[in-house]
Structure formats: structure tokens, C-alpha cells
Amino acid sequence: MTSTRVRQTDPLTLEVVELIGAVVARYHQEYEEAAARHGLTGAQARVLSLLALEPLPMRQIAQRLKCEPSNITGIVDRLEARGLVERRPSPGDRRVKVAAPTEEGARVALSLRDSLDFAREPLAGLERDQRLALRDMLRTMVGAE
């Protein structure tokens, strides 16, 4: 008879996992609410926010958001129809099109980012070295050292 051994997780790790889950849930809730105030879906808001950092080809948007390129094409089409995004030739390879925010799109992306303030006050209450330590731990967790 083979026994299956269940690995026990210590209570501190379980508490940390629950807290991370609570932060993620609250972030998504606020993001969806902020997107809705601009008449956007959460997915449209995420694409617009990503493009506000730098213009990207559809394939790279899909890779960064971990979804299918065909989904991104539809999202960009809808953002373009609203005048928030435009397609233009890539500066590095004119055969490739990149999606980039329009002036209005950049304004909306900034407004979205500014409205996500649920963590701003608690983070501001931490000392700078505490925020740096938290950032470094989160980077380690996501493998972005």
C-alpha cells in the first residue's frame, strides 16, 4: 500500500498567500471600476496602460498580458475605434505595425493609473527602505530579479 504524504504549509506562509490574494482581488476590483468609469473593459484598460509605457506590436502585447494575439487584435480595434490607440509603423522595422496610445489614450491611461490608489496610502506609510524591501521581495517572487 502506497501512502500519499500531504505536504503541510506553515501558518505564516498560508497567511502571506491569503494576504497576497486579498491585495490582488482588491487591485482587480479597483482596476475594473476605474476602467468602467472610462467606458472600458478591464482588458482594454490593461492594454491601454501597457501601451502608455511604450508602443508595442500585437504579439508583444499578447506575450506580456499572457493571452492570444487574436484577442489583442480585437481589443486594439475597439480602442482604435474610440480614438485611444493608433497603429503605426515600427521605427525599427517599417514592415511591422505597433499599437500606440493617442494623446487622448495617454491621458486616459494616466487617469487609470492615478485612480488606483488603494495601496498608495498604506505604502506611503512605510519607510522607503521598507518599500524597497517589499519591492525586492515581490520581484523575487515573480522571477524578475
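Residue numbers here run from 1 along each chain, matching the order of that chain's written sequence. Per-residue local features are limited, in this predicted model, to residues with pLDDT of at least 70; the limit for side-chain atom pairs, both in listing and counting, is 80 or more; totals at the level of whole chains, interfaces and linings are taken over all residues. As a rule here, side-chain values come from all non-hydrogen atoms in the structure, and water together with hydrogens is ignored.

## Thoughts on helix H4 (residues 69-81)
Quick reminder: α-helices carry 3.6 residues per turn. Residues three or four places apart thus point the same way. To keep things clear, this is the line we draw: Going along the chain from the N terminus, every DSSP run of H or I of four or more residues is numbered as a helix, and every run of E of two or more is numbered as a strand. Here a helix's expected span is defined as the number of its residues, less one, multiplied by 1.5 Å. Categorising residues by exposure relies on relative accessible area from a 1.4 Å probe, with only protein chains included: less than 20% of the type maximum marks a residue as buried, more than 50% marks it as exposed, and the intermediate range marks it as partly exposed. We call two residues contacting when some pair of their heavy atoms lies within 4.5 Å.
Between the first and last C-alpha of H4 there are 18 Å, a value that for 13 residues agrees with the 18 Å anticipated at 1.5 Å per step. Restricting attention to buried positions, one finds in H4 the residues Ile72, Gly74, Ile75, Val76 and Leu79. Lining the buried residues of H4 we find helix H2 (42-53), helix H3 (58-65), strand S1 (85-89) and strand S2 (97-101). In the segment just after H4, Gly83 is the residue with positive phi, at about 80 degrees.

## With respect to the pattern of salt bridges
Stated formally: A pairing counts as a salt bridge when a side-chain nitrogen of Lys or Arg comes within 4 Å of a carboxyl oxygen of Asp or Glu.
The final tally for this structure, using the stated rule, is eight salt bridges. Arg46 is the partner of Glu32 in a salt bridge, and the nearest nitrogen-oxygen pair spans 3.7 Å. One end of the pair, Glu32, is in helix H1 (residues 11-37); the other, Arg46, is in helix H2, and 14 residues separate them in sequence. Arg46 sits in the partly exposed class, given a relative accessible area of 32%. Two residues, Glu80 and Arg87, come together in a salt bridge whose shortest N-O distance is 2.4 Å.

## Examining the side chain of Ser115
Where we set the bar: Here a polar contact is taken to be a pair of N or O atoms separated by no more than 3.5 Å, where protein atoms must pair a possible hydrogen donor with a possible acceptor and residues adjacent in sequence count only if both atoms sit in side chains.
Among the structural elements, Ser115 can be located in helix H5 (residues 103-115). Polar side-chain contacts of Ser115 include one of 2.8 Å to the backbone oxygen of Leu112. Ignoring anything within four residues of it in the chain, the contact list for Ser115 reads Glu30, Ala34 and Arg37.

## Looking at the environment of Asp93
With respect to the secondary-structure elements, Asp93 resides in the loop between S1 and S2. We classify Asp93 as partly exposed; its relative accessible area is 24%. Placed 50 residues apart in sequence, Asp93 and Gly143 show a C-alpha to C-alpha distance of 30 Å. For Asp93, the side chain forms a polar contact with the side chain of Arg95, separated by 2.9 Å.

## Comments concerning unusual backbone geometry
The backbone phi angle of Lys66 is positive, close to 55 degrees, even though this residue is not glycine. The residue Lys66 is located in the loop between H3 and H4 in this model. Among the residues examined, Lys66 registers a relative accessible area of 73% and is labelled exposed.

## Observations regarding the nonpolar core
Short version of the rule: Residues enter a nonpolar core if they are buried and are Ala, Val, Leu, Ile, Met, Phe, Trp, Tyr or Cys, with the set joined through side-chain atoms within 4.5 Å.
Among the nonpolar cores identified, the biggest contains 24 residues, and Leu40, Val47, Leu48, Ile61, Ile72, Val76 and Leu79 are the most heavily contacted of them. Mapped by element, the contributors of at least two residues to this core are H1, H2, H3, H4 and H5. Examining the composition of this core, we find that five residues originate from one element, H2, more than from any other.

## Quick word on the packing of H2 against H4
What counts here: An axis is simply a line fitted to the C-alpha atoms; with a helix, the fit covers only the stretch in contact. Between two such axes, the angle follows the N-to-C directions and lies from 0 to 180 degrees. By definition in this entry, angles of less than 35 degrees are roughly parallel, angles greater than 145 are roughly antiparallel, angles of 65 to 115 are roughly perpendicular, and the rest are oblique.
Remark: H2 packs on H4, axes separated minimally by 10 Å, with the N-to-C direction vectors making an angle of 85 degrees. Taken as axis vectors, H2 and H4 run roughly perpendicular relative to one another. Residues Ala43, Gln44, Val47 and Leu48 of H2 pack against Ile72, Ile75, Val76, Arg78 and Leu79 of H4.

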